[in-house]
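Analysis of the macromolecular model
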Amino acid sequence: MTAASIQLELTPATQYLLRIGDSCLILAQRISEWCGHAPVLEEDIAMSNIALDLIGQARAVLTRAGEVEGRSHDEDQLAFLRQERDYFNVTLAELPRGDFANAVLRNTMAATWLKLLWERLAMESKDEELRAIAAKAVKEARYHQQHSGDWVVRLGDGTDESRQRMEAALASLWRFAAELFDTDAADEAAADAGWGPRWSELKAPWQAEMQQILSEAGLTMPAESKFQSDGKRGRHSEHMGFILADMQYLQRAFPGGVW
Amino acid sequence: MSDINKEWPLWEVFVRSKAGLDHKHCGSLHAADAKMAIQMARDVYTRRQEGCSVWVVQSDQIVASDPGDKDMYFDPAEDKVYRHPTFYQLPKAVDHM
Amino acid sequence: MYTQAMDTMGKEPGDGTKPVRSADEMRLQERFDERIDAGDFIEAKDWMPDHYRKTLLRQISQHAHSEIVGMLPEGNWISRAPTLKRKAILLAKVQDEGGHGLYLYAAAETLGTSRDQMLDALHTGKAKYSSIFNYPTLTWADMGVIGWLVDGAAIMNQVPICRCSYAPYARAMIRICREESFHQRQGYEALLTMMQNGTQAQKEMVQDAVNRWWWPSIMMFGPPDDQSPNSAQSMRWGIKRVSNDELRQKFIDATVEQAKILGVTLPDPDLKWNEQRQAHDHGPIDWEEFWRVIAGDGPCNRERLGARVKAWDDGAWVREAALAHSRKQQQRDIKEAA
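In this report, the structure presented in the accompanying data block is examined.

The rules behind each value
Residues numbered from 1 in each chain as written. Chains lettered and ligands numbered in written order. Predicted model: local features only at pLDDT ≥ 70, side-chain atom pairs only at ≥ 80, totals over all residues. Heavy atoms only, no water. Helix = DSSP H or I, 4+ residues; strand = E, 2+ residues; numbered from the N terminus. Rg over C-alpha atoms; globule rule 2.2 N^0.38 Å. Buried < 20%, exposed > 50% of the residue type's maximum accessible area, 1.4 Å probe, protein only. Contact = heavy atoms within 4.5 Å. Areas by Shrake-Rupley, 256 points an atom, 1.4 Å probe, with all protein chains shown as cover. Salt bridge = Lys/Arg side-chain N within 4 Å of Asp/Glu carboxyl O. Polar contact = N/O pair within 3.5 Å; in protein donor to acceptor, adjacent residues only side chain to side chain. Nonpolar A, V, L, I, M, F, W, Y, C, P; charged D, E, K, R; others polar.

1. Some points on the overall build of chain C
The helix and strand inventory of chain C stands at 12 helices and two strands. Starting at the N terminus and walking to the C terminus, you meet the elements of chain C as α-α-α-α-α-α-α-α-α-β-β-α-α-α. Its C-alpha radius of gyration of 22 Å places chain C within 12% of the 20 Å reference for a compact globule of 338 residues. Its C-alpha atoms give chain C principal-axis dimensions of roughly 70 × 60 × 35 Å. Across the 338 residues of chain C, 59% fall into the buried class. Put simply, 79% of the contacts in chain C that link residues at least 6 apart link residues at least 24 apart. Per element, the accessible surface of chain C, about 14500 Å² overall, is 53% carbon and sulfur.

As structure tokens, this is what we get:
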């Protein structure tokens, strides 16, 4: 016997929130894989710190999403019992952790994006709770961006090997950025209703900040890719299934379990 | 084999727990540069809200008194108790001084 | 977090004859002994006998290694934690263990070694770590049981060391102990939740975990006193303050009560209260298993060390790059200043 999936009541508002909450959740899942395996003990601690912040953000946003959805789904039901197509994290979050260059680049891309999003949400969202969540989260995102961005610079401007690995990371990850700035019907509707900014509005500032970091690192920003990933619409990469199989296992295997 | 040239330098960490107090030495860590050292110090030594300010100093920059000179440096103070406030007996009414 | 009262005392050097000592050194030794006997602290740059330094270095670094290796069996379950709250708690705990390792490496470095040298000793198998971590974590309930029993045993081992004569170690231990009680409490609480409110399947999972971790946990206190001949010197130097058997007995007595509240059975049919001793008698410990696991033939020895070596090797280019960047920056700063 296993626990069945919950069914979502999807509205633009719920989807808008789940996109953010799920991205934090899945990012945290990937980043915490570094704990015990980082290049140096201090980074085991730093990576865990980032993951813990993201889990906190995920919990807050998922809880709010559950309230808005109105079906009494709590943070854990949402986190652990949805079908894959009902997760709306950006694909960038679910990619494997790769090597340390990959990790710090993904962290920088994600943290920069989240920081800009939290800044706008803190100022503009009509939802008081989302504003409060964002006000706290933006401080965390700033730190994540600084920490990871500093590493991008160190590795870009370190040794030949580290620069090559950074270039490989850029080649591998950059095409997943387009999704971060795509505005679809759900996004439009939520923005019109005052939940927060259209994601497309974050593109220019994001590129400017990433450009600054990459320049300092002596790295070249890749050209925009024609590929666009679709995680935010529930169509994920092949990696998502494995993440969920692992993450959801206990909740599925112990239906009705109390933890 | 470990090569001293490949090791990240050691830094000593000092944390001020709240405004008004001194920075206190709380340990050390390895970091490749100052920016990293500060971030690491924050991650390692202030997770439980132990601090509002962090100093880091490369360990080899610290100049310390020689414990062998302890007698010379610190013993003379031992018999100069008039430097301690408790040496003076005052009436209770003004003893809070 | 995970000390093991291993016999960390090496033998006195050479053929038993003591090297000739100068009058100065004899005086320093006398002063040192006086300070130890008076319960004074020894700081990093103070004179200390070579044997004291070596013993401490071995004990502190092996304690540090234990913390680091200890991150792995629990780290296994972070991605599979059953709720977001438990995930955060477990991640914070494992992070703490990393931090504890770091405090201890820092303390050991004050004795004249480097982090890299200590890690090299670990990775090449020269240094030991607590053998409890060579056991596998097979279910989520293992997380709770490790917190309850393994951290519980570690706390008992560790609290006395807060008064160790070597101050940097004592200070590190005070920091560690402050953070440690959260580790045990979260584990016990997780088990209590499952035993009191959980499903039958969860309760069975908890009992199974207890069955597997009980004996290894009480082995954490090290061999019986009559097989630890060198404890005496360690105790005299204030490095070790309570005997293995005494700590083990204390632990068993405390844990029996805790097990009753949980509603689990400890897998020792000979465990029973002895009115005369005012303590619990227990069944025989399989010391063959203990020595076998320490010697490298436990279930996970290779995997644990392998994981640490891999993380270190995979990270070499990262550490190198950080140093290279730092040196480039320094050159640039010098040029700018010129």
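2. Observations concerning unusual backbone geometry
For A:Ser72, which is not glycine, the phi dihedral falls at a positive 55°. With respect to the helices and strands, A:Ser72 occurs in the loop between helix H2 (41-69) and helix H3 (75-80). The exposure class assigned to A:Ser72 is exposed, which follows from its relative accessible area of 68%. Located in the positive-phi region is C:Gln278, a residue other than glycine, with phi close to 55°.

3. A closer look at the interface of chain A and chain C
The figure often quoted for interface size is the accessible area lost as the parts come together. Facing 47 residues of chain A, the contacting portion of chain C comprises 49 residues. Among the ionic pairs, C:Lys328 bridges to A:Asp157, the shortest N-O distance being 3.3 Å. The tally of links between chain A and chain C comes to 15 residue pairs in polar contact (both at pLDDT 80 or more). Considering each element in turn, the side of chain A that touches chain C owes the most residues, 11 residues, to H2(A). Residues of the side of chain A that touches chain C, tallied by class, amount to 24 nonpolar, 12 polar and 11 charged.

Functional significance is not addressed by these values, which are geometric in nature.
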